[in-house]
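Each chain, written out:
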Amino acid sequence: MKPLIEVNNLTIDFMLNNGKLRACDNVSFTIYKGEILGIIGESGSGKSTLASGILNLVQNPGKITSGEVYYYTENDEKVNLLELSKDEFSEYRWSEIATVFQAAQNALNPVLKIKEHFIETVHAHDANMTEEQIITRSGEVLQYVRLDKGVLEYYPHQLSGGMKQRVLIALSLILDPKIILLDEPTTALDVITQWYILDLLEQIHDDLGVTLIFLTHDISVISGIIDRIAVMYAGEIVEYGEVGDVFEEPSHPYTKGLLHAIPTLTDDITKRKAIPGSPPNLIQDFKQCKFAPRCALYLSGQCEGEKEKTEQLYLVNDNKCSRCYKYADLIKNAAKEGA
Ligand SMILES: Nc1ncnc2c1ncn2[C@@H]1O[C@H](COP(=O)(O)OP(=O)(O)O)[C@@H](O)[C@H]1O
Ligand code: SF4
Ligand SMILES: [Mg+2]
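Report follows, based on the coordinates. None of the values given here were measured: they were computed from a predicted structure.

**Examining the overall build of the protein chain**
Inference 1: In terms of helices and strands, the protein chain carries eleven helices and twelve strands.
Inference 2: At 21 Å, the protein chain has a C-alpha radius of gyration in line with the 20 Å of a compact globule built from 339 residues.
Inference 3: Expressed as lengths along the three principal axes of its C-alpha atoms, the size of the protein chain is roughly 65 × 45 × 40 Å.
Inference 4: Counting over 339 residues, the protein chain shows a buried share of 50%.

Next up, the structure:
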C-alpha cells in the first residue's frame with residue numbers, strides 16, 4: 001500500500017496558566033491510500049488535537065511543538081503540510097483532505113439554507129466553480145449520503161441530527177477529496193442512525209476509493225469497518241496495527257482493557273470489566289510509563305513501567321506495534337489465561 005499521510009513525532013502542547021498540557025506526545029504513524037483507519041481512545045486522549053495538528057489548525061493556547069506531517073501528492077511528491085503558508089495549505093484542505101469535525105452538526109449556520117453552506121464551502125476553497133455547477137455537484141454528493149437534492153432548500157433546523165450529519169459528510173465530498181477525517185462522526189446519534197451513517201460511509205469508501213480516518217472513543221461502533229487501528233492513551237499512540245491482529249492478540253495492556261470493556265450482543269454483561277482508575281492529568285512531567293498506574297502488570301510487580309523504555313513503539317510482528325516493552329509477557333499471560 002502507498003502512503004498518503006505520514007505523521008512524524010508530532011507533539012502538540014497547550015500552554016495553560018497552571019502549566020504545559022501535552023495533548024499529543026511524539027505521535028508517529030502512516031495513513032495509507034484507500035484504507036479505513038480508526039484512531040481510538042477515551043475522551044481527552046488527544047484525538048481531536050491530533051486531527052487539528054494534521055490539518056495545521058491548532059488554535060491558541062495550543063502549539064505544535066515539534067514534528068512533521070507529510071502529504072503524498074498524486075505524483076508521489078512529499079509535501080510537509082506544516083511548512084505551508086495559510087494560502088498554500090488551503091489548496092490541500094477540502095480538495096485533498098476534508099474533515100467532518102466533532103459536533104459539527106451544531107456548527108451549521110441556522111440562518112443559511114443547506115445550499116448556501118455548499119456554495120460557501122466551495123467558494124472558500126475553489127473559486128472556479130459557478131453557482132450552478134456547485135448546485136449540480138451538491139445534488140450528486142447528497143445522493144451519496146442518500147438524501148434528496150431538495151434538502152438544499154432546507155434550513156438546518158428542518159433536518160434531524162442524522163440528516164445534518166449526512167449533509168456534513170456530503171459537504172466533505174464536494175471537492176472530491178482523497179481523504180476524509182471524521183471526528184466522532186456518530187456520537188450523539190441514536191444506535192440505528194449510527195449504523196446507517198457507517199454503512200453509507202463504507203459504501204462511499206468502496207465506490208470512490210476515498211481514504212477514511214475515524215477518530216472515536218467508541219471502539220464497538222467502528223470495529224466492523226476499519227482495516228487498521230491506532231489506540232491513543234494520554235496523548236500517545238500505544239498500539240497500532242491491522243485490526244484483526246490487534247483484536248485477537250492485543251499487545252498493550254490498555255488495548256486489552258478497552259477490548260474487555262466492550263459489551264457485545266451475545267455475551268454476559270456482568271463479565272465486562274472497566275479499566276480500573278482514570279486517565280492521567282496531562283499537565284505533568286511523566287516519570288514513568290503513562291499507563292502504569294492502571295496497568296495490571298505494573299500493579300502486580302511484573303513491570304517497572306520505565307519511562308525511557310516506553311518512548312518508542314516496538315514492532316510486535318509485521319502487522320502491529322506496541323509502546324509496551326512487556327508486550328511479550330502480556331501475550332504469554334493471555335495465552336495462559338485462555339488455556
Ligand atoms: N483548547 C484547549 N485548551 C486547553 N486544553 C485543551 C484544548 N483542547 C484540548 N485540550 C486538552 O487536550 C487534551 C486532549 O483533548 P482532545 O484532543 O479534545 O481529546 P479527545 O478528542 O481524545 O477527546 C485534553 O486534556 C484536553 O483537555
Ligand atoms: S510498559 Fe509496563 S507499565 Fe507500561 S503498559 Fe507495559 S507493562 Fe504496563
Ligand atoms: Mg475529540
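**Overview of the side chain of S251**
Inference 1: Assignment of secondary structure puts S251 in the loop between α8 (243–248) and α9 (253–261).
Inference 2: Owing to a relative accessible area of 0%, S251 belongs among the buried residues under this scheme.
Inference 3: Residues contacting S251, with those up to four places away along its chain left out, are E239, V316, K320, S322, C324, Y327, L330 and I331.

**As for the nonpolar core**
Inference 1: Ranked by internal contacts, the top residues of the largest apolar core, which has 69 residues, are F118 and F214.
Inference 2: Sorting elements by how many residues they give to this core places helix α5 (residues 161–173) first, with six residues.
Inference 3: Taken together, domain 1 (3–226) and domain 2 (236–276 + 286–338) each give at least three residues to this core, which thus spans both.
Inference 4: For F118, the residues in contact, after removing those within four places along its chain, are I134, S138, V141, L142, L152, V167, A170, L171 and I174.
Inference 5: If you look at the next biggest cluster of nonpolar residues, it comprises 33 residues, including I5, I12, L37 and V79.

**With respect to empty space enclosed by the protein**
Inference 1: All chains considered together, the criterion is met by two cavities of 30 Å³ or more.
Inference 2: In this model, the largest cavity occupies a volume close to 90 Å³.
Inference 3: As for the largest cavity, its lining consists of 14 residues, of which C289, C295, C303, G305 and C324 are closest to the centre.
Inference 4: Of the residues in the lining of the largest cavity, the class split is ten nonpolar, three polar and one charged.
Inference 5: In this model, the second largest cavity occupies a volume close to 50 Å³.

**Some thoughts on the site of ligand 2**
Inference 1: The immediate surroundings of ligand 2 are formed by 13 residues, with C289, C295, C303, C324 and Y325 found nearest.
Inference 2: In terms of residue class, the shell around ligand 2 is built from nine nonpolar, three polar and one charged.

**Observations regarding the packing of aromatic side chains**
The relation between two aromatic rings is expressed through the spacing of the ring centres and the mutual angle of the planes.
Inference 1: One pass over the structure, following the stated rule, counts six aromatic pairs.
Inference 2: Taken together, a centroid distance of 5.1 Å and an interplanar angle of 90° make the contact between Y233 and F291 edge-to-face. Here the residue Y233 occupies a position in strand β9 (residues 228–233), and F291 occupies one in the loop between α9 and α10 (296–299), the gap between them amounting to 58 residues.
Inference 3: Of the aromatic side chains, those joined through ring pairs into one cluster are Y233, Y254 and F291.
Inference 4: Above the ring of F89, the side-chain terminus of R93 is found at 4.4 Å from the ring centroid.
Inference 5: One cation-aromatic arrangement involves R146 over Y196; the distance from NZ or CZ to the ring centre is 5.1 Å.

**A short note on the site of ligand 1**
Inference 1: Around ligand 1, the structure places 13 residues, and the nearest of them are G44, G46, K47, S48 and T49.
Inference 2: One nitrogen or oxygen atom from the main chain of G44 is found 2.7 Å from an oxygen atom belonging to ligand 1.
Inference 3: The separation between an oxygen atom of ligand 1 and a polar main-chain atom of G46 is 3.0 Å.
Inference 4: Computed on the free molecule, ligand 1 has an accessible area of 560 Å², of which 67% lies beneath the protein chains in the complex.
Inference 5: Ranked by the residues each element gives to the shell around ligand 1, the list is headed by helix α1 (residues 47–54), at three residues.
Inference 6: Residue composition of the shell around ligand 1, by class: five nonpolar, six polar and two charged.

**Some thoughts on the environment of V7**
Inference 1: Note on placement: V7 falls in strand β1 (residues 3–16).
Inference 2: Separated by 61 residues in the primary sequence, V7 and E68 place their C-alpha atoms 6.0 Å from one another.
Inference 3: Not counting chain neighbours up to four residues away, the residues in contact with V7 comprise V27, S28, F29, I54 and E68.

**Some points on the coordination of the magnesium ion (ligand 3)**
Inference 1: Only S48 (OG) and Q102 (OE1) from the protein coordinate the magnesium ion (ligand 3), and they sit 2.1 to 2.2 Å from it. Placement of the pair is S48 in helix α1 and Q102 in the loop between β6 (97–100) and α3 (114–125), with a sequence separation of 54 residues.

**Observations concerning α5**
Inference 1: When the terminal C-alpha atoms of α5 are compared, their 19 Å separation across 13 residues agrees well with the 18 Å that a helix rising 1.5 Å per residue should span.
Inference 2: Counting buried positions along α5 yields eleven of 13 residues, so the element is predominantly enclosed.
Inference 3: Among all positions of α5, only G162, K164, Q165, R166, V167, L168, I169, A170, L171, S172 and L173 are buried.
Inference 4: Against the buried residues of α5 lie β6, α3, α4 (131–144), β7 (179–183) and α6 (191–208).

Conventions adopted
Residues numbered from 1 in each chain as written. Chains lettered and ligands numbered in written order. Predicted model: local features only at pLDDT ≥ 70, side-chain atom pairs only at ≥ 80, totals over all residues. Heavy atoms only, no water. Helix = DSSP H or I, 4+ residues; strand = E, 2+ residues; numbered from the N terminus. Rg over C-alpha atoms; globule rule 2.2 N^0.38 Å. Buried < 20%, exposed > 50% of the residue type's maximum accessible area, 1.4 Å probe, protein only. Contact = heavy atoms within 4.5 Å. Core = buried A, V, L, I, M, F, W, Y, C linked by side-chain atoms within 4.5 Å. Domains from an automatic or database assignment. 1 Å grid on protein atoms, 1.4 Å probe; cavity = no way out; pocket = protein on both sides within 12 Å on 5 of 7 lines; lining within 4 Å. Points joined across faces, edges and corners; volume = space filled by probe spheres on them. Nonpolar A, V, L, I, M, F, W, Y, C, P; charged D, E, K, R; others polar. Near = heavy atom within 4 Å. Phe/Tyr/Trp six-rings, centres within 6.5 Å; stacked < 30°, edge-to-face > 60°. Lys NZ or Arg CZ within 6 Å of the ring centre and 35° of its normal. Polar contact = N/O pair within 3.5 Å; in protein donor to acceptor, adjacent residues only side chain to side chain. Areas by Shrake-Rupley, 256 points an atom, 1.4 Å probe, with all protein chains shown as cover. Donors = N, O, S within 2.8 Å, 3.2 Å for Na, K, Ca; no water. Expected span 1.5 Å × (residues − 1).

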